[in-house]
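Inside the fold
Next come the chains, spelled out residue by residue.
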Amino acid sequence: MALLEAGGGTTPGQFEEDMKMKGLLGPNRGAGNPKLSANSLLIKWLEEEGQVYLSEASSWGEAPHPMAISTETKDEITNESSGRGLLARRSINDGDELLKIPMELCITRRSARKALGKDALQEGINEYLAIACQLIHEKYVLKDKSFYAPYIGVLPEVNEVNPTFTWSDEDLSFLEGSPVVAATRSLQMKLKREYDALLGGEGGLIEKFPDRFPKEHFTFDNWVWAFTMLFSRAIRLRNLKVGERLAMVPYADLINHSAFSQAFIDARECGDWLFKNGDEEVILYADRGYRQMEQIYISYGQKSNAELLLLYGFALERNPYNSVDVTVSIAPRTAKLAAENEGIEEDPLAQEKIEFLKSVGRDQTVDFPCYADRYPVEMLEYLRLMMMTPEDTRGKALSEFDYSRTISPANEAAVLQSVVEAVNYQLNLYPQSEEDDANIIKDKALFRLLSYNQRMAVRHRRNEKRLLKRTLAALEKQIRNKGLDVDGLARAEGSTLGQVLRGETRKEKTALEDKLEKMGLPVDLK
């Protein structure tokens, strides 16, 4: 009875039968399903080569493994396929150990240099480049002879992941206006440059070591596949004895992402608290309780939908970390600019602003992420500087002011209005309105005629517009609440203390605090 309860009240094999009934083993559920066969080969390999305990039955010193592989998972909101995933085989409690994978089964820069030669992949080579080479080597050169063949066999093809850097121009056109397009084009060019520099170009590894890097296998298309795997599956392990390392971790990389999960995969030294054997393993603990058949999630990090779509091929309908990059560009009105453009008045502080930006490592054009109800402090600091006038400084150097605080009501009004203009500019870049997108999604028959990439694009661009509209509403409310929607607002008149506006709780800097700060004393009077 105790064993039955520990296993969720099922007999051996019953869980898999339940998965079949619920369609979690894919459309082809029979023994001939290649995904099921690949899953079985992976589990056998993990058990035999890594002594990873994955059985649904308990053994001496080992509890039943709490998870099982589903060949087909679905997004709970959009009902789009999210590929393989891991499900709770039985009830799981917060803090339960979910998996242990030996580091020797992982693909890392170290394993890549061992497989392809330290003379080819020299010490210090970028981790992504090294692992990409090994992935191509294992999948396309060694094939079934690869030690990692059972793991490579469950890795998806590019068209099963669909990050935007692999999209066609037609699919990308559905994202017109979105900052994701520029990021995609930039990544595509970078991948091509890296391929040419390391492999395919003059003096590359294909030319230097043709036996180890055969050109018919180390193609650019296979390079794109390798990076699709890396971007969507590689895990940054932070607690290894040698420090941080990037790794492809078999089995663990089947777990899908949730923005609300607090679980992270990491590494530790093997053994218990008293005896350590020097080896290392990848480890994961549950961050909450799971019911039987519920999908297990981890966090890939606090990522916006733009980053998820670019690198992982999906976006989330509910993402608390979603943001849209907004370009803020304010050219200082120098004497030259004013002379060349009729109607532009010279800014007496223009040259000083340029020098100040250089001193703090800022450009005149900056991209900042805007969230639904907030925007970065760095953006406000940049704009407060750019909106300074002689009536604010009254002869004082720009470096004397604290841009983390409100400079003056007039300055802050100009700052917030410039954010409004930047957000409106971004909204106007989209050829369709949010209402157009909503109507496309609402027409389910029409929407399903679009490809997966195109459906993702429509959802993503709609969510970007919704976020930007909420940002505008928050800005307009902030302007009203702070009393900045009137004429004749005051300037700083040389005061470096900052000002507290209506509705703000932070107190302004006192004269003594200002003096101590300028003296460089580590005194916090706040």
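Residues numbered from 1 in each chain as written. Predicted model: local features only at pLDDT ≥ 70, side-chain atom pairs only at ≥ 80, totals over all residues. Heavy atoms only, no water.

What about the overall build of the protein chain?
On a plain count of helices and strands, the protein chain comes out with 21 helices and 11 strands. Counting only residues that meet the buried cut, the protein chain has 48% of its 526 residues in that class. A separation of at least 24 residues holds for 67% of the contacts in the protein chain among residues at least 6 apart in sequence. Counting every atom, the protein chain has about 26600 Å² of accessible surface; 50% of that belongs to carbon and sulfur. (Helix = DSSP H or I, 4+ residues; strand = E, 2+ residues; numbered from the N terminus. Buried < 20%, exposed > 50% of the residue type's maximum accessible area, 1.4 Å probe, protein only. Contact = heavy atoms within 4.5 Å. Areas by Shrake-Rupley, 256 points an atom, 1.4 Å probe, with all protein chains shown as cover.)

Topic: the confidence of the model for the protein chain
This prediction gives the protein chain a mean pLDDT of 88; 88% of its residues lie at or above 70. Contacts for the low-pLDDT stretch residues 522-526, under 50 throughout, to residues beyond four places or in other chains number 8 contacts. (pLDDT = per-residue confidence, 0-100.)

Quick notes on the side chain of Ser418
Among the structural elements, Ser418 can be located in helix 17 (residues 409-428). Accessibility expressed as a relative area gives 10% for Ser418, which makes it buried. Beyond its immediate chain neighbours, meaning those up to four positions away, Ser418 contacts Leu383 and Met387.

Focus: the pairing of strand 10 (residues 324-329)
The side-chain alternation of strand 10 yields one buried face, formed by Val324, Val326 and Val328, and one unburied face, formed by Asp325, Thr327 and Ser329. With 6 bridges connecting them, strand 10 and strand 11 (residues 365-370) associate as antiparallel partners. Paired with Val326 across the strands is Phe368, a residue of strand 11. (Pairing = 2+ DSSP bridges.)

Here we look at unusual backbone geometry
Keep in mind that most residues, glycine aside, have a negative phi and that most peptide bonds are trans. Even without a glycine there, the phi angle at Asn79 is positive, about 65 degrees. Examined against the element boundaries, Asn79 turns out to sit in the loop between strand 1 (67-70) and strand 2 (85-88). We classify Asn79 as exposed; its relative accessible area is 51%. Unusually for a residue other than glycine, Met293 sits at a positive phi of about 80 degrees. In this fold, Met293 is placed in the loop between strand 8 (276-285) and strand 9 (297-298).

A few points about the packing of aromatic side chains
The tally for this structure, following the rule as stated, stands at 16 aromatic pairs. Relative to Trp225, the ring of Tyr140 lies with its centre 5.7 Å away and its plane at 85 degrees, an arrangement referred to as edge-to-face. Here Tyr140 is found in helix 5 (residues 127-142), whereas its partner Trp225 is found in helix 11 (residues 220-233), with 85 residues between them in sequence. No difference in accessibility class separates Tyr140 from Trp225, as the two residues are buried. Following the ring pairs from residue to residue traces out a cluster consisting of Tyr128, Phe165, Tyr195, Phe220, Trp223, Phe227 and Phe231. If you follow Lys139 out to its NZ or CZ, it ends over the ring of Trp225, 5.1 Å from the centre. (Phe/Tyr/Trp six-rings, centres within 6.5 Å; stacked < 30°, edge-to-face > 60°. Lys NZ or Arg CZ within 6 Å of the ring centre and 35° of its normal.)

A few points about the packing of helix 4 (residues 109-116) against helix 5
Contact geometry for helix 4 and helix 5: axes closest at 8 Å, N-to-C directions at 50 degrees. As the angle between them shows, helix 4 and helix 5 are arranged oblique. The interaxial crossing formed by helix 4 with helix 5 has left-handed handedness. Across from Arg109, Ser111, Ala112, Ala115 and Leu116 in helix 4, the residues of helix 5 making contact are Glu127, Ala130, Ile131, Cys133, Gln134, His137 and Glu138. (Axes fitted to C-alpha atoms, helices over the stretch in contact; angles between N-to-C directions. Parallel < 35°, antiparallel > 145°, perpendicular 65-115°, else oblique. Left-handed = near helix turned anticlockwise from the far one by under 90°.)

What to know about helix 9 (residues 179-200)
Between the first and last C-alpha of helix 9 there are 30 Å, a value that for 22 residues agrees with the 32 Å anticipated at 1.5 Å per step. Among the residues of helix 9, those classed as buried are Val180, Thr184, Leu187, Leu191, Tyr195, Leu198 and Leu199. Looking straight down helix 9, one finds its buried side chains confined to an arc of 90 degrees; they lie on one side. For helix 9, the exposed residues lying more than 90 degrees away from the buried face are Ala182, Met189, Arg193 and Ala197. Contact partners of the buried residues in helix 9: helix 5, helix 8 (169-173), helix 10 (205-208), helix 11, helix 12 (305-311) and helix 20 (452-481). (Expected span 1.5 Å × (residues − 1). Arc of directions from axis to C-beta.)

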